[in-house]
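What follows is each chain in one-letter form.
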Amino acid sequence: MTTPMLKFVSVAQKQPDKRTAQARRADFAEIYENFSPAGAGEQASRCSQCGVPFCSVHCPLGNNIPDWLMLTAEGRLEEAYEVSSATNTFPEICGRICPQDRLCEGNCVIEPGFESVTIGAVERYITDTAFENNWVKPTRPVRERTESVGVVGAGPAGLAAAERLRASGYQVHVYDRYDRVGGLLVYGIPGFKLEKEIVARRHALLEESGVTFHLGQGVGSGEGDLSFAELRSRHQAVLIATGVYKSREIGGPGAGLAGIERALDYLTASNRRSLGDTLPDDAQALDAKGKNVVVLGGGDTAMDCVRTAIRQGAKSVKCLYRRDKANMPGSAREVKNAEEEGVEFVWLSAPEAFLGDDHVTGVRATRMKLGLPDATGRQSVEPLEGSSFTLDADLVITALGFDPEPLPQLWGQPDLAVSRWGTLKVGHDSFMTTLPGVFAAGDIVRGASLVVWAIRDGRDAAERIHQWIETHATAQTVAEQG
């Protein structure tokens, strides 16, 4: 059989059809339509099957992308799913929210003018098809083990680790302070990028696999919390996968005015509305309807905020970013979607002060210029003297990044070492913290990063936990026999 590949010369790159900007402004549904079987196969056939697949090299999970593209082009979708899921615990999620333009697709070696292979949309199509055809099965270990592992955090790192540990037969218990599984996948990422049913589907599958979830269960010293000491006593090993939730604050005159809100608070309130939850009184104001909205920041979280504000019926939505479009850290695809939906970008501008008496009424900003590269190679920014201007604002959303919460203090664990950034220190290869049998993975170790890196870390940490328990059990047996 001749493999129907290398068609990038004759077949143009195409993404799945996208709903019109007018239509998608009216709801929080995903903006991309599904590929048809023929469309997915045709786009997969554009892969050049190169000898050194840079798409795989630049995927944090090392996905075998050329292999499942070829299988898709040949119509062998069940096999394509098996190859895809071998390295990725949640391919249908990564296919939706990974910044492919910076990772796999951005490193495709098809020469300019022919454009890269549409990898992310094909990945999503493969797994959605697998779910529709009941090819996705619960994890069934070959044998059950008596040892248990506690996982703190039901985000992507914790869930990926739980699935791998369960496959090895461990009794896995996942603890999360929120009432739903998914972490930022549910509360931080809007439905137009990732519909919540996609995450709920994985939650159900993990429960069917035998993973036990303890939702609404915080860890620490607060009322109703489980102490960390008690948690350790319950399990042979513990994995900390809490992520980073502490929003970076902004300073300057007027920074304490009402109406200046953190991005995560704003996105959580919006997602809870979409989920049908009743919001507390202090979250009712986190609505952009009829307001002049200014979002500060240039990452994917900022893009989530501006696009959410559009859907809530804001009077105007502006994104204030101190560098230019070329230096924006967010996905270029997300910037384009935001522009289509009516967001105005104010490039090379930074806030100086916030105006208003009790409630914010405006943002005074100054124009910036790009200077020489700093130590990281990124161009520095410098203010232009006498360039101040004012933007009307009834709601200002700060999307300046996230830092870790002070877990050693919150959990009463002074021996839990942290880095100078507040992230947990772990062994480079072991994933173990300074507490024996306590491991950590995901953003709480590497800082705010991509979901795909959290999945990679969770899978790798699960393997190290398995090795540690095996070694520990062997040493104990030898001691008892000696």
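Nothing here was measured: the structure is a model prediction, and the numbers come from that model. Along every chain, residues carry numbers that run from 1 in the direction the sequence is written. In keeping with the model being predicted, local features are shown solely for residues with a pLDDT of at least 70 and side-chain atom pairs are shown and tallied solely at 80 or more, while totals for entire chains, interfaces and linings include all residues. As a convention, hydrogens and water are excluded, and side-chain values are obtained from all of the structure's heavy atoms.

Caption draft 1: Just the overall build of the protein, in detail. The number of helices and strands found in the protein is 17 helices and 16 strands. In this description the radius of gyration comes from C-alpha coordinates, and the expected globular size is given by 2.2 Å times residues to the power 0.38. Against the 2.2 N^0.38 benchmark of 23 Å for 482 residues, the protein shows a C-alpha radius of gyration of 24 Å, consistent with a compact globule. For the protein, the C-alpha atoms occupy an extent of roughly 80 × 65 × 45 Å along the three principal directions. Three labels apply to residues, based on accessible area from a 1.4 Å probe with only protein chains included: buried if under 20% of the type maximum, exposed if over 50%, partly exposed otherwise in between. With 482 residues in all, the protein has 53% of them scored as buried. Think of it this way: Lys and Arg go in the positive column, Asp and Glu in the negative one, and His and the chain ends go nowhere. Charge placement uses NZ in Lys and CZ in Arg. For Asp and Glu, CG and CD serve respectively. Averaging the locations of the 51 positively and 63 negatively charged side chains of the protein gives two centres separated by 2 Å. The helix and strand labels rest on DSSP assignments: H or I over at least four residues marks a helix, E over at least two residues marks a strand, and numbering proceeds from the N terminus.

Caption draft 2: Spatial organisation of helix α14 (residues 332-341). The set of residues buried in α14 consists of E334, V335, N337, A338 and E341. What you see down the axis of α14 is that its buried residues fit within an arc of 160 degrees, all on one side. Contact definition: two residues touch when any of their heavy atoms are within 4.5 Å. Along its buried surface, α14 packs onto α1 (21-24), α13 (300-311) and β9 (344-346). A positive backbone phi angle near 110 degrees is found at G342, which sits one or two residues after α14. The arc in question is the one spanned by the directions pointing from the helix axis to the C-beta atoms.

Caption draft 3: Structural view of the packing of helix α2 (residues 37-44) against helix α4 (residues 65-73). Viewed as axis vectors pointing N to C, α2 and α4 meet at an angle of 135 degrees, and their least axial separation amounts to 8 Å. Judged by the inter-axis angle, α2 sits oblique to α4. Here α2 and α4 pass one another in a crossing that is left-handed. For the pair α2 and α4, the contacting residues are A40, G41 and A44 in the first and L69, T72 and A73 in the second. Classification used: nonpolar for Ala, Val, Leu, Ile, Met, Phe, Trp, Tyr, Cys and Pro, charged for Asp, Glu, Lys and Arg, polar for all others including Gly. Its residues assigned to classes, the contact of α2 with α4 shows 4 nonpolar, 2 polar and no charged. Note on geometry: axes are C-alpha line fits, over the in-contact stretch for helices, and angles between N-to-C directions span 0 to 180 degrees. Here is the rule for angles: anything less than 35 degrees is roughly parallel, anything more than 145 is roughly antiparallel, 65 through 115 is roughly perpendicular, and the remaining ranges are oblique. Here is the rule for handedness: rotate from the far helix to the near one, and if that takes an anticlockwise turn smaller than a right angle the crossing is left-handed, while a clockwise turn gives right-handed.

Caption draft 4: Fine view of the nonpolar core. Formed by 44 residues in total, the largest nonpolar core has its most connected members in V149, V172, V174, L185, L194, L239 and I465. Elements supplying a minimum of two residues to this core: α6 (91-97), β1 (148-152), α8 (156-167), β2 (171-176), α9 (184-187), α10 (196-209), β4 (237-240) and α17 (451-481). With 7 residues, the single largest contributor to this core is α17. For the purposes of this section, nonpolar cores are sets of buried Ala, Val, Leu, Ile, Met, Phe, Trp, Tyr and Cys residues that join through side-chain atoms within 4.5 Å.

Caption draft 5: Unusual backbone geometry, seen in detail. Located in the positive-phi region is E115, a residue other than glycine, with phi close to 70 degrees. By relative accessible area, which is 41% here, E115 ends up partly exposed. Even without glycine at this site, N134 takes up a positive phi of about 60 degrees.

Caption draft 6: Just the side chain of S349, in detail. Tracing the chain through its elements places S349 in strand β10 (residues 349-355). Judged by its relative accessible area of 1%, S349 falls in the buried class. Two N or O atoms form a polar contact when they lie within 3.5 Å of each other; inside protein one atom must be a possible hydrogen donor and the other a possible acceptor, and for residues adjacent in sequence the pair counts only when both atoms belong to side chains. Within the local environment of S349, its side chain forms a polar contact with the backbone oxygen of W347, the two atoms lying 3.0 Å apart. One polar contact links S349 to R367, side chain to side chain, over a distance of 3.2 Å. Among all residues touching S349, those that are not within four sequence positions of it are L320, Y321, R322, T366, R367, M368 and F389.

Caption draft 7: Region of the structure containing the pattern of salt bridges. Any carboxyl oxygen of Asp or Glu that lies within 4 Å of a side-chain nitrogen of Lys or Arg is treated as forming a salt bridge with it. The full count for this structure, using the stated rule, is 36 salt bridges. In this structure, E340 engages K18 in a salt bridge whose closest nitrogen and oxygen atoms are separated by 3.2 Å. Of the two residues, E340 sits in helix α14 while K18 sits in the segment before α1, which places them 322 residues apart along the sequence. We classify E340 as partly exposed; its relative accessible area is 35%.

Caption draft 8: Up close: the environment of E30. When you line up the elements, E30 lands in the loop between α1 and α2. In this structure the C-alpha to C-alpha distance between E30 and K18, which are 12 residues apart in sequence, comes to 9.2 Å. When residues no more than four places from it in sequence are discounted, the contact partners of E30 are R19, R96, R124, G191, F192, K193, L194, E195 and I198. Here the side chain of E30 touches R124 through a polar contact of 3.2 Å, side chain to side chain.

Caption draft 9: Looking closely at the packing of aromatic side chains. For this analysis, a ring pair means two rings from Phe, Tyr or Trp (six-membered ring only for Trp) whose centres lie within 6.5 Å, classed as stacked if their planes differ by under 30 degrees, edge-to-face if by over 60, and tilted for the remaining angles. Tallied over the entire structure, the rule returns 7 aromatic pairs. With 6.2 Å between their ring centres and 25 degrees between their planes, F28 and F192 make a pair best called stacked. Taken as a pair, F28 in the loop between α1 and α2 and F192 in the loop between α9 and α10 lie far apart in primary sequence, 164 residues in all. Judged by relative accessible area, F28 falls into the partly exposed class, the value being 23%. Their ring planes at 45 degrees and their centres at 5.4 Å tell us that Y178 and Y187 sit as a pair that is tilted. Counting as a charge over the ring demands two things of the Lys NZ or Arg CZ atom: a distance within 6 Å of the ring centre and an angle within 35 degrees of the ring normal. Above the face of the F131 ring, R201 is positioned so that its terminal group lies 3.7 Å from the ring centre.

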